[in-house]
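Report on the structure
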Amino acid sequence: MRNILSLRQKAWHVIIPVFILVVTFISFYPCFKAGFLNWDDNVHLTENLNIRMIAWEGITWANIKDIFTQKVNHTYQPLTIFSYAIEFYFFKDNPFVYHLNNIILHMLVSLLVFYFLRRLKLSLWAA
């Protein structure tokens, strides 16, 4: 009996994180049907000269330094802009790649929050 209970508990430790991943993916799935948005994609991506410079000159230390020392749209987001630059270098203006990366990052963050809450000793369901 104890082994069966133990197996059920272990199963929930797998089922819940998988459920979190599935719900996150389903929540963001509609973005695959969208192109670039007119909220801030132009400032952060399509008209950002730091990203375009990497496409023209390649990934150089000067370009990376510019990304990590300049603000975009009054915000400092160097890792986001750097990931956009790498994606632009390889895939140009293909919105699918940017959306896919965004969904993967959201899924990973959702899992990290779950495991962080578990480390804070919250129950499986509370986390």
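Residues numbered from 1 in each chain as written. Predicted model: local features only at pLDDT ≥ 70, side-chain atom pairs only at ≥ 80, totals over all residues. Heavy atoms only, no water.

**Some details on the environment of I26**
Locating I26 in the fold gives a position in helix 1 (residues 2-28). In the structure, I26 is positioned 77 residues away from I103 in sequence and 9.6 Å away in space, judged by C-alpha atoms. (Helix = DSSP H or I, 4+ residues; strand = E, 2+ residues; numbered from the N terminus.)

**Points about unusual backbone geometry**
Residues other than glycine seldom take positive phi values, yet N73 does so here, at roughly 55 degrees. Here N73 is to be found in the loop between helix 4 (61-69) and helix 5 (78-91). Classification of N73 as partly exposed rests on a relative accessible area of 42%. One non-glycine residue, K92, adopts positive backbone phi at about 55 degrees. (Buried < 20%, exposed > 50% of the residue type's maximum accessible area, 1.4 Å probe, protein only.)

**Focus on the side chain of T24**
Its location among the elements puts T24 in helix 1. Within the structure, T24 has its side chain in polar contact with the side chain of S110 (distance 3.3 Å). (Polar contact = N/O pair within 3.5 Å; in protein donor to acceptor, adjacent residues only side chain to side chain.)

**Concerning the packing of helix 3 (residues 49-57) against helix 4**
Where helix 3 meets helix 4, the closest approach of the two axes is 10 Å, and the angle between their N-to-C directions is 170 degrees. If you check the angle between helix 3 and helix 4, you find them roughly antiparallel. Contacts from N50, M53, I54 and E57 of helix 3 reach helix 4 at N63, D66 and I67. Grouping the amino acids of the contact of helix 3 with helix 4 by side-chain chemistry returns 3 nonpolar, 2 polar and 2 charged. (Axes fitted to C-alpha atoms, helices over the stretch in contact; angles between N-to-C directions. Parallel < 35°, antiparallel > 145°, perpendicular 65-115°, else oblique. Contact = heavy atoms within 4.5 Å. Nonpolar A, V, L, I, M, F, W, Y, C, P; charged D, E, K, R; others polar.)

**Observations concerning the side chain of E87**
Along the polypeptide, E87 turns up in helix 5. Those residues in contact with E87 that sit more than four places away from it in its chain are K92, V97, Y98 and N101.

**Describing the confidence of the model for the protein chain**
With 96% of its residues at a pLDDT of at least 70, the protein chain reaches an overall mean of 86. Per-element mean pLDDT across the protein chain ranges from 80 in helix 3 up to 93 in helix 6 (residues 95-119). (pLDDT = per-residue confidence, 0-100.)

**Thoughts on the environment of F68**
On the secondary structure map, F68 appears in helix 4. The exposure class of F68 is partly exposed, given its relative accessible area of 30%. Distance from F68 to R118, taken between C-alpha atoms, is 34 Å for residues 50 residues apart in sequence. Those residues in contact with F68 that lie beyond four places of it in its chain are Y76, P78, L79 and F82.

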